[in-house]
Amino acid sequence: EIRMVTGVQTCALPICVTRFDATENRISLTHKRFPAYPREPAMLVRLMKAISQHVHDSANVLLREYGLNHTDYNVLMMLYGCEQQGMTVTQLRDAAAEKSANVTRVCNILCERGWIARFADPQDRRRVLVSLTTEGEKLVEQFLPSMASLLNQYGAAFDAQEIAVLETLLKRLLGVAEQIERNL
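Residues numbered from 1 in each chain as written. Predicted model: local features only at pLDDT ≥ 70, side-chain atom pairs only at ≥ 80, totals over all residues. Heavy atoms only, no water.

> Describe the pairing of strand E4 (residues 128-132), naming the residues involved and giving the relevant values.
The buried fraction of E4 is high, at 4 of 5 residues. Where strand E3 (residues 116-120) meets E4, 5 bridges bridge the pair, whose relative direction is antiparallel. Within E4, the position partnered with Ala 120 by the bridge is Val 128. (Buried < 20%, exposed > 50% of the residue type's maximum accessible area, 1.4 Å probe, protein only. Helix = DSSP H or I, 4+ residues; strand = E, 2+ residues; numbered from the N terminus. Pairing = 2+ DSSP bridges.)

The structure is reproduced here in structure tokens:
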């Protein structure tokens, strides 16, 4: 069933809608009880959180057969997509959108498994870089077809123009979130 929501054509997906209905109702009730509570931004944040959790959980199911989880995947993918020789843990943390302690822990595990390596930066020997090993690249290329299929399933909900608009809007929101964090 196709329906229009504020000028945007959407596909009715009862399973997804029903799971979020209770959260939407709670946000609406909070707004009703406290009118200064901004319903729409709260809905956006909760929707992003719910989507993130679904993506995380689905990825974990697919990655389990490789002995990985979604955080491992994020780290490996940022290294796989790195043009330079390697990345610092700080660069990796920012690229993977993970906490420093978590990236360090994941890097330790991936290093022990032989999928990544640490080495001194040739330009500045005080800095340590992290990169994929040959075995790490092979691993990434093993799970990429499954992950590409999963990502394509998410993308299938939109046409190319909608994806471009959504990407632009989410980048804008990310910029606002980063600014808010810097100002706190």
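Following the structure, the description resumes.
> With reference to specific residues and values, describe the side chain of Arg 39.
Along the polypeptide, Arg 39 turns up in helix H2 (residues 39-63). One polar contact links Arg 39 to Glu 24, side chain to side chain, over a distance of 3.0 Å. If sequence neighbours within four positions are ignored, Arg 39 has contacts with Glu 24, Ile 27, Ser 28 and His 31. (Polar contact = N/O pair within 3.5 Å; in protein donor to acceptor, adjacent residues only side chain to side chain. Contact = heavy atoms within 4.5 Å.)

> Just give me the short version of the pattern of salt bridges, but keep the residues and values in it.
In this structure the tally under the stated criterion is 6 salt bridges. Two residues, Arg 93 and Asp 94, come together in a salt bridge whose shortest N-O distance is 2.8 Å. Judged by its relative accessible area of 25%, Arg 93 is partly exposed. In this structure, Lys 138 engages Glu 135 in a salt bridge whose closest nitrogen and oxygen atoms are separated by 3.5 Å. Residue Lys 138 and its partner Glu 135 are located together in helix H6 (residues 134-155), separated by 3 residues, close to a single helical turn. (Salt bridge = Lys/Arg side-chain N within 4 Å of Asp/Glu carboxyl O.)

> I'd love a proper account of the packing of helix H3 (residues 70-80) against H6, names of residues and values included.
Between H3 and H6, the shortest axis-to-axis distance is 11 Å and the interhelical angle comes to 110°. Relative to H6, H3 is oriented roughly perpendicular. In this structure, H3 uses Tyr 73, Leu 76, Met 77 and Tyr 80 to contact H6, whose residues at the interface are Glu 137, Leu 139, Val 140, Glu 141, Phe 143, Leu 144, Met 147 and Leu 151. The class makeup of the residues in the contact of H3 with H6 is 10 nonpolar, no polar and 2 charged. (Axes fitted to C-alpha atoms, helices over the stretch in contact; angles between N-to-C directions. Parallel < 35°, antiparallel > 145°, perpendicular 65-115°, else oblique. Nonpolar A, V, L, I, M, F, W, Y, C, P; charged D, E, K, R; others polar.)

> Which residues make up a nonpolar patch on the surface, and what values do they have?
A cluster of nonpolar side chains, namely Leu 44, Val 45, Met 48, Phe 158, Ile 163, Leu 166, Leu 170, Leu 173, Val 176, Ile 180 and Leu 184, defines an oily patch on the protein surface of about 980 Å² accessible area. When contributions to the nonpolar patch are tallied by element, the ones reaching two or more residues are H2 and helix H7 (160-183). Along the chain, Val 45 turns up in helix H2. Its relative accessible area of 51% is what places Val 45 among the exposed residues. (Patch = residues over 30% accessible without salt bridge, like charges linked within 9 Å, V, L, I, M, F, W, Y side chains within 5 Å. Areas by Shrake-Rupley, 256 points an atom, 1.4 Å probe, with all protein chains shown as cover.)

> Describe in detail the packing of H2 against H6, supporting the description with residues and values.
The N-to-C vectors of H2 and H6 enclose an angle of 150°; their axes lie 10 Å apart at closest approach. The angle between H2 and H6 places the two elements in the roughly antiparallel class. Considering the relative orientation of H2 and H6, their crossing is right-handed. Across from His 54, Val 55, Ser 58, Ala 59, Leu 62 and Leu 63 in H2, the residues of H6 making contact are Phe 143, Ser 146, Met 147, Leu 150 and Tyr 154. Of the residues that constitute the contact of H2 with H6, the class distribution is 8 nonpolar, 3 polar and no charged. (Left-handed = near helix turned anticlockwise from the far one by under 90°.)

Shape descriptors only; they carry no functional weight alone.
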